[in-house]
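# Close look at the chain arrangement
Letter by letter, the chains look like this.
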Amino acid sequence: MSSGGGYVYGYSADREAYLKRLRRIEGQVRGLQRMVEEDRYCIDILTQVSAATKALHAVALGLLEQHLGHCVAEATAAGGREADDKVTEATDAIARLLQS
């Protein structure tokens, strides 16, 4: 299930924690914008870009772990085409993360 109302996703129990982390990252990105506006030293900006990137990667890995443990595990237990689709979907997501 890629989207839709009523379905409980693997991250649902931690939704508020994810939102808090994403809001913190949003603040980091706004800080980056200010640094550029203020014509700050490029290495300082790059350091902050790296921190924001690491924070986003941490969110992505957490979501991926929960996806594997919930969505993929349920589909695999049920078997059939949906199981294959979920494994392919997870593999594609991992490939995108590795390219970023």
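Residues numbered from 1 in each chain as written. Predicted model: local features only at pLDDT ≥ 70, side-chain atom pairs only at ≥ 80, totals over all residues. Heavy atoms only, no water.

### Digging into the overall build of the protein
Convention followed: Elements are defined by DSSP. Helices are runs of H or I of four residues or more, strands are runs of E of two residues or more, and each kind is numbered from the N terminus. Radius of gyration means the value over C-alpha atoms here, while the globule rule gives 2.2 Å times the residue count to the 0.38 power. Here's how the labels work: a residue is buried when its accessible area is under 20% of the maximum for its type, exposed when over 50%, partly exposed in between, all with a 1.4 Å probe on protein chains only. Two residues qualify as a contact provided that any one of their heavy atoms is within 4.5 Å of a heavy atom in the partner residue. Each accessible area is a Shrake-Rupley result for a 1.4 Å probe, and residues are judged covered by the shown protein chains and nothing else. Neither His nor the chain termini are counted; the positive set is Lys and Arg, and the negative set is Asp and Glu. We put the charge of a Lys on NZ, of an Arg on CZ, of an Asp on CG and of a Glu on CD.
Counting its secondary structure elements, the protein contains three helices and zero strands. When its helices and strands are written in sequence order, the protein yields α-α-α. The C-alpha radius of gyration computed for the protein amounts to 17 Å, which surpasses the reference 13 Å derived for 100 residues by more than 25%, pointing to a less compact arrangement than a globule. Dimensions of the protein, computed from the C-alpha atoms along their principal axes, are close to 55 × 25 × 20 Å. For the protein, with 100 residues in total, the buried portion stands at 20%. Of all intrachain contacts in the protein linking residues separated by at least 6 positions in sequence, the fraction that spans at least 24 positions is 54%. Summed over its atoms, the accessible surface of the protein is roughly 7,200 Å², and 56% of this surface lies on carbon and sulfur atoms. Computed over 12 positive and 14 negative side-chain charges, the inter-centroid distance for the protein is 6 Å.

### A look at a nonpolar patch on the surface
Stated formally: Only residues above 30% relative accessible area that lack a salt bridge enter a patch, with like-charged residues linked at up to 9 Å and the nonpolar side chains Val, Leu, Ile, Met, Phe, Trp and Tyr linked at up to 5 Å. Any carboxyl oxygen of Asp or Glu within 4 Å of a side-chain nitrogen of Lys or Arg constitutes a salt bridge here.
Together, Tyr41, Ile43 and Leu46 line one region of the surface with nonpolar side chains, adding up to about 330 Å² of accessible area. Counting through the fold element by element, Ile43 comes out in helix α2 (residues 42-78). Judged by its relative accessible area of 44%, Ile43 falls in the partly exposed class.

### Let's talk about the pattern of salt bridges
The full count for this structure, using the stated rule, is five salt bridges. Residue Arg30 is joined to Glu26 by a salt bridge in which the shortest nitrogen-to-oxygen separation is 2.9 Å. Highlighted residues: Arg30 and Glu26, both in helix α1 (residues 15-37), separated by four residues, approximately one helical turn. Relative accessible area serves as the criterion here: at 46%, Arg30 is assigned to the partly exposed category. By relative accessible area, Glu26 is classed as partly exposed at 38%. Two residues, Asp85 and Arg81, come together in a salt bridge whose shortest N-O distance is 3.4 Å. You can see Asp85 and its partner Arg81 sitting in helix α3 (residues 81-99), four residues apart, about one turn around the helix. The partly exposed category is assigned to Asp85, whose relative accessible area is 36%.

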